[in-house]
Amino acid sequence: MPRKSLVTTAPWMAAILLATTSPANADLYLAAGATSENTAALKVELDHEFDLDHWHPQLSLRLGTGALLLSSDHDNGNLAWLITPAFRYTFTGESGVFVEAGIGASVFLDTRLESRELSTSFQFEDRLAVGMPFASGELNASITHYSNGGIKQPNDGFEVFALGYRLPM
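Residues numbered from 1 in each chain as written. Predicted model: local features only at pLDDT ≥ 70, side-chain atom pairs only at ≥ 80, totals over all residues. Heavy atoms only, no water.

Participant: Explain the pattern of salt bridges to me, please; I cannot follow it from the model alone.
Facilitator: Pairing is possible between side chains of opposite charge, provided their charged atoms come close. Taken as a whole, this structure holds 11 salt bridges when the rule is applied. Among the ionic pairs, Arg62 bridges to Asp47, the shortest N-O distance being 2.9 Å. On the criterion of sequence distance, the pair formed by Arg62 in strand S3 (residues 59-70) and Asp47 in strand S2 (residues 40-51) is long-range, its members being 15 residues apart. Its relative accessible area of 2% is what places Asp47 among the buried residues. (Salt bridge = Lys/Arg side-chain N within 4 Å of Asp/Glu carboxyl O. Helix = DSSP H or I, 4+ residues; strand = E, 2+ residues; numbered from the N terminus. Buried < 20%, exposed > 50% of the residue type's maximum accessible area, 1.4 Å probe, protein only.)

Below is the structure:
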């Protein structure tokens, strides 16, 4: 299968697999924001939360997969398939405020983003987020750094700053 076909179909296959393995616990996650290059960014994911009570009562793990869509004024933009794990710590009290941190992986359709040369389609995804319950879901603010981790030079990584909403399905 050509790389472009794989990158465009893999997120949907992974999302369907995730949703069908545990539909009662799958969440839809949508986030919108901008990159450090002022490129509009949209993230669409399905994820599942795993309880880690045996380690700590306020700790959980979120595993997600989906797509990152990036627009561009100069070309056709870019698309990435994401695998996003994140440890979550929920603070005690009624507010339900939480922080998330994780290192995931992504495969980009193109190795360029605006003036950035990514060098490789594979990029690590380092993510930090803070959020809280809102309406029937969760609202969060996140910063995500994409970089190939020095696998190949140049390694012009970039950041995505986003506001997201997670809705139980």
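Now that the structure has been shown, we can carry on.
Participant: Looking at this model, I keep getting lost on the sheet that holds strand S9 (residues 137-147). Mind explaining?
Facilitator: Where strands meet in a sheet, backbone hydrogen bonds hold them as pairs that are either parallel or antiparallel. The strand order S1-S2-S3-S4-S5-S8-S9-S10 describes a closed barrel built from eight strands, whose pairing is antiparallel. Averaged over all adjacent pairs, the angle separating strand axes in this sheet is 25 degrees, with direction ignored. With nine bridges connecting them, strand S1 (residues 26-35) and strand S10 (residues 158-168) associate as antiparallel partners. If you follow Asp27 over to S10, its bridge partner there is Pro168. (Pairing = 2+ DSSP bridges. Axes fitted to C-alpha atoms, helices over the stretch in contact; angles between N-to-C directions.)

Just distances and angles here, no functional claims.
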